[in-house]
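Structural description and commentary
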Amino acid sequence: MADQLSPDEKFDLITRNLQEVLGEEKLKQVLQERELRVYWGTATTGKPHVAYFVPMSKIADFLKAGCEVTILFADLHAYLDNMKAPWELLELRVKYYEQVIKAMLESIGVPLEKLKFVKGTDYQLSREYTLDVYRLSSMVTEHDAKKAGAEVVKQVEHPLLSGLLYPGLQALDEEYLKVDAQFGGVDQRKIFTLAEKYLPSLGYAKRSHLMNPMVPGLTGAKMSSSEEESKIDLLDSKEDVKKKLKKAFCEPGNIQNNGVLSFVKYVLFPLRGEFCVKRDPKWGGDKVYTVFEEVEKDFAEESIHPGDLKASVEAALNQLLEPIRKKFESPELRKLTNSAYPDPSKTKSGGKGAKGGGGGGGDDDELAPSRLDVRVGKIISVDKHPDADSLYLEKIDVGEAEPRTVVSGLVAYVSQEDLQDRLVLVLCNLKPQKMRGIESQAMLLCASIEGDPRRVEPLDPPEGSSPGERVFVEGYETGKPDDRLNPKKKIWEKLQVDLKISDECVAQWKDKHLMTKLGQITCKTLKGGNIS
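Keep in mind that what you see is a predicted model, and the values were worked out from it rather than measured.

What about the packing of aromatic side chains?
The geometry of an aromatic ring pair is captured by the separation of the ring centres together with the interplanar angle, meaning the angle of the planes. Per the counting criterion, the structure on display carries 11 aromatic pairs. Ring geometry for Tyr129 versus Tyr176: centroids 5.0 Å apart, planes at 70°, classification edge-to-face. Residue Tyr129 is located in helix α6 (residues 127–137), and its partner Tyr176 is located in helix α8 (residues 161–176); the two are separated by 47 residues in the primary sequence. Here Tyr129 falls in the buried class, since its relative accessible area comes to 0%.

Re the pairing of strand β10 (residues 392–397)
Inspection of the sheet shows strand β9 (residues 374–384) paired to β10 by six bridges, in the antiparallel sense. Bridging from a neighbouring strand, Lys378 pairs with Asp397 of β10. Hairpin connection from β10 to strand β11 (residues 404–408): six residues lie between these consecutive antiparallel strands, with Gly399 at a positive phi of about 85°.

Structural notes on helix α2 (residues 24–33)
Taken together, the buried positions of α2 are occupied by Leu27, Val30 and Leu31. Buried residues of α2 fall within an arc of 100° about the axis and therefore sit on the same side. Of the exposed residues in α2, the ones pointing more than 90 degrees away from its buried face are Glu25, Gln32 and Glu33.

Focus: helix α9 (residues 189–198)
Restricting attention to buried positions, one finds in α9 the residues Ile191, Phe192, Leu194, Ala195, Glu196 and Tyr198. Buried positions along α9 lie against β1 (20–22), α6, α7 (142–148), α8, β5 (181–185) and β6 (208–212).

Remarks on the pairing of β11
Within β11, five of the five residues are buried, which leaves the element mostly enclosed by the surrounding structure. Of the pairings in the sheet, the one linking β10 to β11 comprises five bridges and is antiparallel in character. Looking at β11, one finds that Lys395 is bridged to Thr405.

A few points about the nonpolar core
The biggest cluster of nonpolar side chains holds 74 residues, and the ones touching the most others in it are Phe53, Ile59, Ile101, Leu210 and Leu309. Viewed by domain, this core spans two of them, domain 1 (7–212) and domain 2 (238–340), each represented by three or more residues. Leave out the neighbours within four places in its chain, and Leu210 touches Ile14, Leu18, Glu20, Val21, Leu27, Val38, Phe62, Ala181, Gln182, Phe183, Gly184 and Phe192.

Description of the packing of helix α11 (residues 259–272) against helix α12 (residues 292–300)
Their axes nearest at 10 Å, the elements α11 and α12 cross at an angle of 170°. By the angle between their directions, the pair α11 and α12 is classed as roughly antiparallel. Both α11 and α12 take part in a crossing whose hand is right-handed. Listed contacts from α12 to Leu261, Val264, Lys265 and Phe269 of α11 are Phe292, Val295, Glu296 and Phe299. Class assignment for the residues of the contact of α11 with α12 results in six nonpolar, no polar and two charged.

Overview of the environment of Val100
The topology assignment puts Val100 in helix α5 (residues 90–107). C-alpha of Val100 to C-alpha of Phe328: the two residues are 228 residues apart in sequence and 8.4 Å apart in space. Not counting residues up to four positions away in its chain, the partners in contact with Val100 are Pro48, Leu234, Ile324 and Phe328.

Description of the sheet that holds β6
Strand order in the open sheet formed by six strands is β1-β6-β5-β2-β3-β4, and the pairing between neighbours is mixed. Of all the strands in the sheet, just β1 and β4 (115–119) have a single pairing partner and so form its edges. Pairs of neighbouring strands in the sheet enclose a mean axial angle of 25°, with direction left out of account. In the packing of α9 onto the sheet, contacts are made with β1, β5 and β6, and the angle to β6 comes to roughly 180°.

Observations concerning the side chain of Lys58
As for its position among the elements, Lys58 is in helix α3 (residues 53–64). A polar contact of 2.9 Å, which involves the side chain of Lys58, links it to the backbone oxygen of Ile14. Setting aside anything within four residues of it in sequence, one finds Lys58 in contact with Leu13, Ile14, Thr15, Arg16, Leu18, Phe183 and Asn212.

What counts as what
Residues numbered from 1 in each chain as written. Predicted model: local features only at pLDDT ≥ 70, side-chain atom pairs only at ≥ 80, totals over all residues. Heavy atoms only, no water. Phe/Tyr/Trp six-rings, centres within 6.5 Å; stacked < 30°, edge-to-face > 60°. Helix = DSSP H or I, 4+ residues; strand = E, 2+ residues; numbered from the N terminus. Buried < 20%, exposed > 50% of the residue type's maximum accessible area, 1.4 Å probe, protein only. Pairing = 2+ DSSP bridges. Arc of directions from axis to C-beta. Contact = heavy atoms within 4.5 Å. Core = buried A, V, L, I, M, F, W, Y, C linked by side-chain atoms within 4.5 Å. Domains from an automatic or database assignment. Axes fitted to C-alpha atoms, helices over the stretch in contact; angles between N-to-C directions. Parallel < 35°, antiparallel > 145°, perpendicular 65-115°, else oblique. Left-handed = near helix turned anticlockwise from the far one by under 90°. Nonpolar A, V, L, I, M, F, W, Y, C, P; charged D, E, K, R; others polar. Polar contact = N/O pair within 3.5 Å; in protein donor to acceptor, adjacent residues only side chain to side chain.

Structure, rendered in structure tokens:
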């Protein structure tokens, strides 16, 4: 097909449905001379979801236009982005991404032999690339690096140096992959403009940049691997697809931030050229659309009911997902999936028939500390309990819209002034309890010495911590806490037995450190103490 297209027709196919193109004239110039070389990169972090069909459909367009396409599995980037992928899992995540991306491309009829697949660490650890990283770091300001990654790299109050390196490495990839253009979401625009600004300073050519719009997730916000309710996983069952689409934001007549409608526009139409809305005959029967704007117009005018739109997308989506599901039924790929994305809440003592304990209500034999929702909190105020002289009310900011009320007797051992504005550790998923008529909505975690009730100290997060930051046990970084610990199963009580203070005043669970991303949890003086 590409041989029969003129340079202008190729340009139209390459740029259709894109939100923005930087360097259009350069693209046109290359297409007059030869085929365009373009790359798309994906950091191998969370599991790819159905929104990945958006770039896949554009890759199909690139190939139809005769482009030479490289897909980069950016494993080093996955680690640099706030350690979203642990170092020991990088290789497994790359293998998973390669298998699932290839399965996606096969499901939409893209010939894999026309694609080149590259792993980032195959060249990003070379002497030449490393020297270029140093050269670039001597030119890029901290302000520019942070600004460039603002919409891509996870933003925290005290960013790691790795996150500041991320945009520069992505810029260098354009040179080392020898491409004319980079393709990505419009959320990467600031990284693209950083590349355009700084690559010429290293003596490298400025590339063109092709940007897809960001497709809303099912909740109306950006579809995210880390937000379970916003996405449909590529391996979700038909039942899960139905359940998630049923909950999806799809208000009658509302065409803004409508993830269901966006999927029709950016995936189904480019791949099929038409879309069938399935309806009961009494409501007019099925209707086939060949232009997306007509679908959008009818939905805006409420000629298409949200239920009919969801049911039609469900049918089309399951057709795309079925070949992927079948491929991943093989024992080898099931093993790969479980190895690349292990459930840290499962332990060897989990017992026969154990369920994952991460999401809220796993088997009580699975005593993984990741089931505890422990966060950094900041004490906003301390007031005396109106009905108990020995109890005090602390209002503690734990990163939510409203502070939580915690009832404790800590002020009997630590002065009220010392507690004001102090950073502490808070257990947030216990069932709220009334204490002398006032509901305590969380538990303040403290170190104490058995047999000496006056020796009590709040645990201290690392310097620079912020309210709401998650506290984890090393080795259990990716586990998901229970929504609410079941008091009947005594999960907290069983885990608490192994929480201790080391001889170095470091908080531990079974000799593994309690940590935030900034470092270890400690206490001031209570070596060998308990934590409760």
